Amino acid sequence: MLDVNPHLDLCNYQFRVHVDASRVRPGNVPAHSVAGLWYELKSRHRLVDLTEGEGSMGGGGGHGETYKGFTIHHPKRWHVVTGKGLCAIMWVGVILGKDMVTTLMTTGMNMRHLTRVLIGATVESSLFHWSAYRIKLGVRYGSEIKMVGDELQKLQETLERIGGFLESAERKRLTDSDIGRWVRELKDVMYDADDVIDLCILKGARLLEGQPLASAVSFSFASPCSYFRCVKLRHQISSKIQGLNSRLKQIKEDRSILPRLEQVPQEHRASSRETSFLEVKTDVVGTQVEDDARNLIKLILENDKQKYRVFGIVGMGGIGKTTLARKIYNDEWIKENFPLRIWLYVSNNYLENQLLKEVIRCAGRDTDGFESTAALQTRVVSRLSTNSLIVLDDVWCADVWENLLRKPVMNGVGSSKIVVTTRDAGIARSMNACIYHVEQMDEESGWELLRKMALADGTEDEISTLKEIGVEIVKRCDGLPLAIKVIAGVLGKAEASKEAWEAVLRSDSWHMNQIDKEELPAALHLSYADLPSHLKPCFLYCSLYITYSISCHDLARAWVAEGFIRADDGERLMEDIAGDYYWELISRNLLQPDPRSMDGDRCTMHDILRSLAHFFMEGEGILFNDGARLHTSPLTKVRRLSIVNVGERLQLPEVILKQNCLRTLILHDSPTTRMVNDVHVRLEHLRVLHLSDSCIEGLPDSIGKLLHLRYLDLDRTNIRRIPESIGSLANLQTLNIAECKCLDQLPKSIMMLRSLRCLRLKRTPLTHLPKGISKLENLITLGGLIIGCGEYATGPDEGCQLEELRSLSKLRYVRIHNLERTVEGGGEVLANKPFLKRLLLSWGNQAPVWQEQMQRAEETCNSLCPPPSVRELNIKEFPYQRFPIWFRSASVDACFPNLSYLMLSHFASCAELPPLGRLPKLKFLSIREADAVVTIGPEILGHIPPGAAAFPKLEVMQFVDMRNWELWSSCMTEEDGDGERLRLLPNLQKCYLIDCPKLRAVPGGLRRATRLKLLKIRSNHSLAEIMNLAFLDELHVNSNQGLQRISNLPSLRYLAISDCPQMVCVENLDSLQHLVLECSPSTEHIPRWLPLLMEQHRSEGASFKKFELQCSLPLLESCRRNEANWDVVQQIPEVRVRTKDGSRFIWYTKDPQLYSTNAGSA
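Please read these numbers as outputs of a predicted model, since none were measured by experiment. (Residues numbered from 1 in each chain as written. Predicted model: local features only at pLDDT ≥ 70, side-chain atom pairs only at ≥ 80, totals over all residues. Heavy atoms only, no water.)

Comments concerning the overall build of the chain
Per the secondary structure count, the chain includes 30 helices and 47 strands. Taking all 1162 residues of the chain together, the buried fraction comes to 56%. A fraction of 62% describes how many contacts in the chain between residues 6 or more apart in sequence connect residues 24 or more apart. When the accessible surface of the chain is totalled, it reaches about 48,800 Å², and 48% of it is carbon and sulfur. (Helix = DSSP H or I, 4+ residues; strand = E, 2+ residues; numbered from the N terminus. Buried < 20%, exposed > 50% of the residue type's maximum accessible area, 1.4 Å probe, protein only. Contact = heavy atoms within 4.5 Å. Areas by Shrake-Rupley, 256 points an atom, 1.4 Å probe, with all protein chains shown as cover.)

This is how it looks when you write it as structure tokens:
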């Protein structure tokens, strides 16, 4: 055993670690101590070379520094340890350096398309401490530290050699069972390597007391026993890596496999072009679908006396059943005749109560308080009081109709039409449905669909050249629209050339023998094979989500947690890269944007594509219905599990617990699940835990043992308490606890989650947060920073202040609430947020009372100037009389050069709006509940330079609940200071004026909005006329009690008038095509202005083409053939009249002549 000088007994001292050699000064330490230490390190561990020389140590660069006659060579870097007069310099380049881990990460991703990037970090600092104490522990344990680095280096080199064979192995694994086994073994090694590296980094970081690695940090040496455990851990890690290397060596030297594989360079294929939601053509369908939709709509609209009627759309998967049902659901005639439309995605794992609640929600009612099936069915009956269309999409069992929905439909007041989509004609027959078979696309329709999606911007020459090959590709797709769409996604990424399209046609992927072509068309396999390696695991992972709609943000964070995302060399976040992957899958038609999502942040996945993903996951990812028997292959380890229909207690199958390999666990459709058993101890490798939308009330303390956990989703659960042990989850990146209505406190340990990137707290009853959020320096999304203390605060360590935001420089999205509680200025805490994109600032109800309080509060506001990077700004419940200086400044355009979305709401004291017209990129503006605003004048424009425009990019403008607003000053339309007319709102497309009861005139600036398409005006009772909007295309007026005149709208094509009893004149609408009129129940005559408008159109040789009227029964009867208003009706090419409840109707078309009614005698 080495006899160590007492001055070198490091256990008795506190130390500070630095990466700065300049802190060492000559004379700080006896030369013999340094020399002896270095000689010992040299002889024991070959860490340094010492060469005699002269000079003194300094902080300069170079590859060596001299001190007291010795030159210390440090090819990478050294660390300096100081403490009570002791200095020592140690080179740690051999110990798991950052470069080595980074290389290992890259190699790990290439090893297998289903594996993930090995986590990148550096633990050399902590390993250095162990090497220091190693002097006392002896050669055996000391050498183990270097061994870790050596073994990792071997692992890296082996992975690099194998990596070149992976693409070939991926192609052949499904047709060659030996290669499939070889790939599975390789994946198992990589998963195990990921866990080992994770553990190594985690343990190293803990020794540094949670401080960032490779930086100046404090470290306390506690006892020799703790160091023995640390060194023993290093020995265990080294042994594990040796085992991995041994397994990899066997895989690498398998002579039966490698000769069958071709070695190709590994590369990261990126998208050939940028993609966005605007490029996705979700409404592209074949011409046959249009014909099918028209035929079915005619059947649905046939006059019959039945209480309900069922229509079954039947066909194989991917043939377009849902597309056809959606065309019917969104048809204008259907909307007119069915005031209540309900879309239910049923699937194979539906929950009865969830479907019933969805019916109630679609009918516009709350479901709170109704839990039993019987109570919900009674509630459904009360909502079916009018004619309704109910779509049951993707039905696998007739019970959903026979045992759940049929009785409520029978007992409802209104009549119903039920549209069912199913693959099984037997199910439709058992529901007594009128069956409509969806036929496969013919070649011409298929080519038209392929051309629209793959050659949307193609030239005539390209289309002509590629048509012959395109038709052959369509034939391979067997007439399935889904297959054609995904192949179009493949062709869209390829060059529009004959050679590139022929390469797709000749691909071996069309001939996969293992795939059941009835269930999974070969075209879908080709679309998967064409995916770049970085997209394949992301696509497969999507299949674990069986909900109809999937959040792209949840997907992105789960992909990051699983390690599927490779960080690039720039400053881009992994979440941003994941977003690119998402849009790439959308553009390839492997995911479809949810049509209900306006900004494309939600998507759906077709059942056939989900089946394709399950096929390629080969049992590594499983969808499992709780209570069913889980079938697994003994050769495959289950890594990802999605469970449906979990009961009150979550209990995993024993085979899952025995394998102990699970990385992702997702609960779906489990609203009754209240308890999570203490299974976490046996799921130690878990990365993603998704428990949202369950009734879980708490987590066990053992949650803190899931050291690899990175994603924890508890959104919309009944959780009441989060255990303090959550602070042990050092790798946790995402914590979602939004809309948890029973959660009123967070544990203090949550501030120990230094890896946290997303903390989502929106709509929880939390009144405060624990202090210490400033420590979470990796936060990117902070969805709910609550300022100050609430009623449940228990001590001085409760409650955050603005100052804590200062250190969170990586934030992209932050919501700040209760700003009125700020007790200190906080300084410019938002100024150092160069990446901040979305910001919400919200005050509460406690406005300052005293002058001193008011002054301090305004100072706080003025210091909250957002950075120029902000694109979305939301200011709520602003309590002061003037907006902050930074918002009313004449240079607001320079302060907010990127601001695109601005929402101002609930500000009762500000009478003057900021100069918003100067914002150069503002696209969306919403102003709500500005009670102090009476007049909007030139202040909203600011100073506009000659030739410039006010609101140059604004597309959507909303004014809502402006109770005292009377006028938008006419000065907005006057000349500017140089005698030139101002350009106002040149890009405005939509304007909403809602609930502004004192507004006397339409804003004059709208007259020069040359691109204005839509104007909606509701409950503006002081508005008397709408005139002289030369460019307006569509106008909706609703509940405007004082409106009397609509005139001089020469471009107007669509006009909808509802509940405007004082209307006396509608004229000079030269382009009107479609008129919709909704009369009050007391109205028994057609308005006098309507015949006058029609006469004016006739005299000018024009006529609108469609008239819709919703009215009382007497007025409807007067529109029947040969009745008082029949002369008006028969002049219009198409007329639809119905009563308020939809029970009576008249349909009339002039050419071809069609007349149908169920009112009185026809």
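Concerning the nonpolar core
Side chains of nonpolar character tend, in soluble globular proteins, to be buried together. Counting residues in each nonpolar core, the largest one holds 159 residues, and the members touching the most others are L665, F887 and I1046. When residues in this core are grouped by element, the largest group, 4 residues, is from helix α28 (residues 1089–1099). Leaving out residues up to four positions away in the same chain, I1046 has contacts with I1026, L1035, V1037, L1055, I1057, M1063, C1065, V1066, E1067 and L1069. In this structure, L324, L450, L535 and V688 belong to the second largest nonpolar core, which totals 96 residues. (Core = buried A, V, L, I, M, F, W, Y, C linked by side-chain atoms within 4.5 Å.)

Some remarks on the packing of aromatic side chains
Scanning all chains against the criterion turns up 24 aromatic pairs. Residues Y308 and W401 carry aromatic rings whose centres are separated by 5.2 Å and whose planes lie at 70 degrees to one another, so their mutual orientation is edge-to-face. Separated by 93 residues along the polypeptide, Y308 in strand β8 (residues 308–314) and W401 in helix α13 (residues 399–411) bring together distant segments of the chain. A residue is classified by how much of its surface remains accessible, and Y308, at 22% relative accessible area, is partly exposed. (Phe/Tyr/Trp six-rings, centres within 6.5 Å; stacked < 30°, edge-to-face > 60°.)

Description of the sheet that holds strand β14 (residues 592–593)
If you trace the 3 strands from one edge of the open sheet to the other, you get β13-β15-β14, paired in antiparallel fashion. Looking at which strands have only one partner, the edges of the open sheet turn out to be β13 (550–551) and β14. Note: β13 against strand β15 (residues 602–604), 2 bridges, orientation antiparallel. Within the sheet, the bridge partner assigned to I550 lies in β15 and is C603. (Pairing = 2+ DSSP bridges.)

A word on unusual backbone geometry
Comment: phi is negative for the bulk of residues other than glycine, and the bulk of peptide bonds are trans. Positioned with a positive phi, E877 is a non-glycine residue whose angle comes to about 55 degrees. Along the chain, E877 falls in the loop between β28 (872–876) and α26 (885–888). A residue is classified by how much of its surface remains accessible, and E877, at 28% relative accessible area, is partly exposed.

Overview of the sheet that holds strand β38 (residues 1025–1027)
Reading across from one edge, β38-β40-β42 is the order of the 3 strands in this open sheet, with parallel pairing throughout. Each edge of the open sheet is held by one strand with a lone partner, namely β38 and β42 (1065–1067). Going across the sheet, the axis of each strand differs from the next one's by a mean of 5 degrees, ignoring polarity. With 3 bridges connecting them, strand β40 (residues 1045–1047) and β42 associate as parallel partners. Counterpart to R1045 in the pairing with β42 is C1065. (Axes fitted to C-alpha atoms, helices over the stretch in contact; angles between N-to-C directions.)

Brief notes about the pairing of strand β25 (residues 781–786)
Residues in a regular strand point their side chains to alternate faces of the sheet. Of all the 6 residues making up β25, 6 are buried; the element is thus mostly covered by neighbouring parts of the structure. Two strands pair when backbone bridges link them, and strand β24 (residues 758–760) and β25 are joined in this way by 3 bridges, in the parallel orientation. Looking at β25, one finds that L759 is bridged to L782. By the bridge criterion, 5 bridges tie β25 to strand β26 (residues 813–817) in an arrangement that is parallel. Bridging across to β26, I786 finds its partner in H817.

Some words on the pattern of salt bridges
In the structure shown here, the tally under the stated rule is 41 salt bridges. The salt bridge partner of D701 is R721, with a shortest N-O separation of 3.4 Å. Highlighted residues: D701 in the loop between β21 (688–690) and β22 (711–713) and R721 in the loop between β22 and β23 (734–736), separated in sequence by 20 residues. The partly exposed category is assigned to R721, whose relative accessible area is 46%. Residues joined in a network through salt bridges with shared partners are K187, D194, D195, E562, E620, R640, R663 and R687. (Salt bridge = Lys/Arg side-chain N within 4 Å of Asp/Glu carboxyl O.)

Concerning helix α21 (residues 552–562)
Judged by how many residues are buried, α21 sits mostly within the fold: 10 of 11 residues are covered. Along α21, the residues classified as buried are C552, D554, L555, A556, R557, A558, W559, V560, A561 and E562. The N-cap of α21, judged by a side-chain oxygen 3.2 Å from the amide nitrogen of H553 a few residues on, is S551. Looking one or two residues past α21, G563 carries a phi angle of roughly 90 degrees, positive in sign. (Polar contact = N/O pair within 3.5 Å; in protein donor to acceptor, adjacent residues only side chain to side chain.)

Some remarks on helix α23 (residues 607–617)
Because an α-helix packs 3.6 residues into every turn, residues spaced three or four apart end up facing the same way. Of all 11 residues that make up α23, 8 are buried, and the element is covered over most of its length. Turning to α23, its buried residues number three or more, namely D607, I608, L609, R610, L612, A613, F616 and M617. E618 lies just past α23 and shows a positive phi near 50 degrees.

Some details on the packing of helix α17 (residues 481–493) against helix α19 (residues 522–529)
Between α17 and α19, the least distance of the axes is 9 Å, while the angle of their chain directions is 25 degrees. Between α17 and α19, the interaxial angle falls into the category roughly parallel. Viewed along their axes, α17 and α19 form a crossing whose handedness is left-handed. Side by side, α17 and α19 meet where L482, A483, V486, I487 and V490 of the first sit next to A523, L524, L526 and S527 of the second. Of the residues contributing to the contact of α17 with α19, the split by class is 8 nonpolar, 1 polar and no charged. (Parallel < 35°, antiparallel > 145°, perpendicular 65-115°, else oblique. Left-handed = near helix turned anticlockwise from the far one by under 90°. Nonpolar A, V, L, I, M, F, W, Y, C, P; charged D, E, K, R; others polar.)

Brief notes about the side chain of T1149
Inspection of the secondary structure puts T1149 in strand β46 (residues 1145–1150). By relative accessible area, which is 10% here, T1149 ends up buried. Here T1149 is in contact with P1133, E1134, R1136 and L1154, once residues within four sequence places are set aside.

Topic: the confidence of the model for the chain
Summarising the model, the chain shows a mean pLDDT of 76, and 76% of its residues fall at 70 or more. Every residue in residues 208–229 scores below 50 in pLDDT, and together they form 47 contacts with partners more than four places removed in sequence or on other chains. (pLDDT = per-residue confidence, 0-100.)

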